[in-house]
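# Reading the structure
Residues per chain, in single letters:
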Amino acid sequence: MGFFPSDWDDEEQDDFSGNVEDLVREFESNKDATFSPRELLEIFRYYSYNHLMANDSGKVFVRMKSVLEQGIDQFPYIPVFAIHMAEVLMREKNYRMARRYIAKAREYSAFEPALFMVDAAIYGLEGRKEKAMEMLKEGMELAGEDEQAMEDFLELLIHYGQFELALPVLDKCLDLGGDIHYIVEKWLGQTHDKVHVRALLPMLERLVDKDPYSEEAWYLLANACADLDDYPRAIEAFDFAVTINENFLEAWLGYMEALYEHEDYNSFIKHYQEQSERFHKGAFDELKGLLAWSHYETGKVKEARTLYHEVLKSSPEDSESWYSMGLTWHYEQEYAKAIPYLEKAWELNPSEADYGIVLAAAYFGTHKAEKWEPLYEVLSDDFPHEDEVWLDWGVALHETGQSDRALEITQVGIKHNPGNTKLLYRMAALCYLTGQQAAATYLLETALSINAEEHVQMFIFAPELKKAGSLLRLIARFTNPGLQT
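Everything numeric here is computed off the predicted structure, so don't read it as measured data. (Residues numbered from 1 in each chain as written. Predicted model: local features only at pLDDT ≥ 70, side-chain atom pairs only at ≥ 80, totals over all residues. Heavy atoms only, no water.)

### Some words on the overall build of the chain
Condition: Secondary structure is summarised from DSSP: a helix means a run of H or I of at least four residues, a strand means a run of E of at least two, and numbering begins at the N terminus for each. As defined in this context, the radius of gyration uses C-alpha atoms, and a globule is described by 2.2 Å times the residue total to the power 0.38. Between buried and exposed lies partly exposed: a residue is buried under 20% and exposed over 50% of the maximum accessible area for its type, with that area taken using a 1.4 Å probe on protein chains only. The method behind every accessible area is Shrake-Rupley, applied with a 1.4 Å probe, and residues are considered shielded solely by the protein chains displayed. Counting rule applied: Lys, Arg positive; Asp, Glu negative; His and chain ends not counted. In plain terms, the charge of a residue is placed at NZ if it is Lys, CZ if Arg, CG if Asp and CD if Glu.
For the chain, the count of helices and strands is 27 helices and zero strands. By the compact-globule yardstick of 23 Å for 485 residues, the chain is too spread out, its C-alpha radius of gyration being 31 Å. Per-residue burial over the chain gives 49% buried out of 485 residues. Of the roughly 24400 Å² of accessible surface on the chain, 47% is carried by carbon and sulfur atoms. Charge-centre separation for the chain: the mean point of 45 positive side chains lies 5 Å from the mean point of 87 negative side chains.

### Looking at the environment of Val301
Our working definition: The criterion used for residue contact is that any of the two residues' heavy atoms lie within 4.5 Å.
Tracing the backbone shows Val301 in helix α17 (residues 301–314). Remark: the alpha-carbon pair of Val301 and Glu250, spanning 51 residues in sequence, is separated by 29 Å. Those residues within four positions of Val301 in sequence are excluded, and the remaining contacts are His295, Tyr296 and Glu332.

### Examining the environment of Thr446
Short version of the rule: A 3.5 Å cut-off defines polar contacts: any pair of N or O atoms within that distance qualifies, except that in protein one atom must be a possible hydrogen donor and the other a possible acceptor, and neighbouring residues in sequence count only when both atoms are side-chain atoms.
Among the secondary structure elements, Thr446 is positioned in helix α25 (residues 437–450). Judged by relative accessible area, which is 26%, Thr446 ranks as partly exposed. Residues Thr446 and Gly419, 27 residues apart in the sequence, show an inter-C-alpha distance of 8.7 Å. At 2.9 Å, the side chain of Thr446 forms a polar contact with the backbone oxygen of Tyr442.

### Some details on a nonpolar patch on the surface
Stated formally: Surface patches are defined over residues having more than 30% relative accessible area and no salt bridge, joining like charges when they lie within 9 Å and nonpolar side chains (Val, Leu, Ile, Met, Phe, Trp, Tyr) when within 5 Å. When a carboxyl oxygen of Asp or Glu is within 4 Å of a side-chain nitrogen of Lys or Arg, the pair counts as a salt bridge.
A cluster of nonpolar side chains, contributed by Tyr213, Phe240 and Ile244, occupies part of the molecular surface with about 330 Å² of accessible area. Topologically, Ile244 is positioned in helix α13 (residues 231–244).

### Remarks on helix α10 (residues 181–190)
Convention followed: Here the arc refers to the directions that run from the helix axis out to each C-beta atom.
For α10, the complete set of buried residues consists of His181, Ile183, Val184, Trp187 and Leu188. Relative to the axis of α10, the buried residues are bounded by an arc of 165 degrees and lie together on one face. Buried residues along α10 sit in contact with α8 (147–159), α9 (163–175), α11 (194–210) and α12 (215–227).

### Re helix α16 (residues 288–297)
Across the ten residues of α16, eight count as buried, placing the element largely inside the fold. Among all positions in α16, only Gly289, Leu290, Leu291, Ala292, Trp293, Ser294, His295 and Tyr296 are buried. The positive-phi residue at the C-terminal boundary of α16 is Gly299, with phi of around 85 degrees.

### Topic: a negative patch on the surface
A cluster of acidic side chains, namely Glu250, Glu257, Glu261, Glu263, Asp285, Glu286 and Glu297, defines a negative patch on the protein surface. For the negative patch, the element with the most residues is helix α14 (residues 249–261), which contributes three residues. Tracing the chain through its elements places Glu257 in helix α14.

### Comments concerning the pattern of salt bridges
Side chains that differ in charge, positive against negative, can pair when their charged atoms come close. Under the defined criterion, the tally for this structure stands at 26 salt bridges. Here Glu107 makes a salt bridge to Lys104, at a shortest N to O gap of 3.5 Å. Of this pair, Glu107 and Lys104 both sit in helix α5 (residues 95–108), separated by three residues, roughly a single helical turn. Glu377 is the salt-bridge partner of Arg405, the closest N and O atoms lying 3.7 Å from each other. You can see Arg405 sitting in helix α23 (residues 403–416) and its partner Glu377 sitting in helix α21 (residues 369–382), a full 28 residues away along the chain. Residues joined in a network through salt bridges with shared partners are Arg99, Glu126 and Arg128.

### What about the nonpolar core?
Selection rule: Take the buried Ala, Val, Leu, Ile, Met, Phe, Trp, Tyr and Cys residues and link them wherever side-chain atoms come within 4.5 Å; each set so joined is a nonpolar core.
Counting residues in hydrophobic clusters, the biggest one holds 176 residues, and the most contacted among them are Val169 and Phe268. Those residues in contact with Phe268, other than ones at most four positions away along the chain, are Met256, Leu259, Tyr260, Leu287, Leu290, Leu291 and Ser294.

### Focus on the packing of aromatic side chains
Spelled out, the test is: Side-chain rings of Phe, Tyr and Trp (the six-membered ring for Trp) are treated as a pair once their centres are within 6.5 Å; stacked means planes under 30 degrees apart, edge-to-face means over 60, and tilted covers the remaining angles. Counting as a charge over the ring demands two things of the Lys NZ or Arg CZ atom: a distance within 6 Å of the ring centre and an angle within 35 degrees of the ring normal.
The full count for this structure, using the stated rule, is 22 aromatic pairs. Both rings, one in Tyr46 and one in Tyr47, keep their centres 5.8 Å apart while their planes meet at 70 degrees; by these two values the pair is edge-to-face. Chaining the aromatic ring pairs together yields one cluster made of Tyr260, Tyr265, Phe268, Tyr272, Phe279 and Phe284. Over the ring of Phe116 we find Arg106; its NZ or CZ atom is 4.8 Å from the centre of that ring. Taking the ring centre of Trp329 as reference, the NZ or CZ of Arg305 above it sits at 3.3 Å.

### Quick look at the packing of α11 against α12
Defined as follows: Inter-axis angles, ranging from 0 to 180 degrees, are taken between N-to-C directions of lines fitted to C-alpha atoms, where helices are fitted over the stretch in contact. Just so you know how the angles are binned, under 35 degrees is roughly parallel, over 145 roughly antiparallel, 65 to 115 roughly perpendicular, and the rest oblique. Take the far helix as your reference; a near helix turned counterclockwise from it by less than a right angle gives a left-handed crossing, and one turned clockwise gives a right-handed crossing. Note that Gly is not counted as nonpolar here; it falls among the polar residues with everything else outside the nonpolar set of Ala, Val, Leu, Ile, Met, Phe, Trp, Tyr, Cys and Pro and the charged set of Asp, Glu, Lys and Arg.
Packing of α11 against α12 brings their axes to within 9 Å, and their N-to-C directions diverge by 155 degrees. Put simply, α11 runs roughly antiparallel to α12. Between α11 and α12 lies a crossing whose hand is left-handed. Here Lys194, Val197, Leu201, Leu204, Glu205, Leu207 and Val208 of α11 come into contact with α12, specifically with Ala217, Trp218, Leu220, Leu221, Ala224, Cys225 and Asp227. When its residues are assigned to classes, the contact of α11 with α12 shows eleven nonpolar, no polar and three charged.

### With respect to the environment of Arg426
Residue position: Arg426 is located in helix α24 (residues 421–433). With a relative accessible area of 12%, Arg426 lands in the buried category. A sequence separation of 353 residues divides Arg426 from Asp73, and the C-alpha atoms of the two residues are 69 Å apart. Apart from residues lying up to four places away in sequence, Arg426 is in contact with Leu391, Val395, Thr410 and Phe461. Here the side chain of Arg426 touches Leu391 through a polar contact of 2.8 Å, landing on its backbone oxygen.

### Topic: unusual backbone geometry
Where the residue is not glycine, phi is negative for most of them; where a peptide bond is considered, it is trans in most cases. One non-glycine residue, Asp229, adopts positive backbone phi at about 65 degrees. Judged by relative accessible area, which is 41%, Asp229 ranks as partly exposed. With a phi angle near 60 degrees, Gln333 is a residue other than glycine that sits in the positive phi range. Inspection of the secondary structure puts Gln333 in the loop between α18 (319–330) and α19 (335–348).

So yeah, pure geometry; function would need other evidence.
This is the structure:
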């Protein structure tokens, strides 16, 4: 815990060479024991590290605060103790108390820029943007041309999600000639929150604007765009990165994956083949499964299956390739051939809903009711919010003459997914088919009011409903209101 590598060492500059665990035992057993600033920091670091693995993290936090309190009482002129105390309190969202410790520390260290920066982060977390910016400006002015301090501040603000505050700090780092790519890359790699990634975009754009010939800047921007599923922009940024440095392997890997996700399979194949000849053997092996599916999508089914066999031979635990190999047969309605691959994928990764859903459909395609029925039971328990589970289960039941049971299952699916129009349209169709016209009309009107365009789902499921005049008239009210008299 802490973003200041030097920990603002005290003036004595005493180096610690003792046993930290002995120190901790003495701290916990002897209330009257005194310690040097360095020893207190070592005890705090011990607690800070161990709280991550502690069963009772609350107890560890109490001890962390206790050692910091001792540091603040004995060495009020050393701001690191107040800074760490503020960090602990910020984790607890006790922002008011965190600011009190920072304010007290400023009475002794009025010109310490780190105190202003921590204060800025606290005000930012409280949503007090003007006050946060005021503290930020004072901290930056005090830090002056200290490049290392600015990098520490940038990392601090990004960690606490204060991206607007981080922008002027990033600009200052760039003006000072700092290489801060590693900071942005670290946080980009640690977050899976698209809101945070989107907030990082302005920083990445600043890096590119500052040095448009930096392959690293373009690479980071490309990765962020890919995380946001903006594949056209990711492809463009990756293209700049590999144009600047054609030997940038990681950028080539990202470039090809973005092409694949954008469904530009021909370009993916072209680049894969060209770059495989330039780089060392095996450089692109991690993309071999994507290459196989790209061949399938471009009509080269035999080549795709050959590649999948190679992938599965070298990586037998690759559940995605087992699944994709099964799909090549499943899509051709060769369900018996698909099942062994789909079963293996499901065995390797039962947390992937799609694997089980497609496997159940394949069982249905081979008339194995003894397998698809219990599998749908499992899927409905494990993935109640996946509408495809309920939709496919309903189809299987309806097609085997169990329309009433299909109606019940669809109703349960709606309870788990209220407002899901696919399920509402399916329920309406089943009600109509089972003679419950009033319920069918009510459900259809509800679904149409949410999303009228999806009504075609009804006719895919039950084409005979295209002849149901009352349903067609109701649909027309929502899809062609201008035609109504």
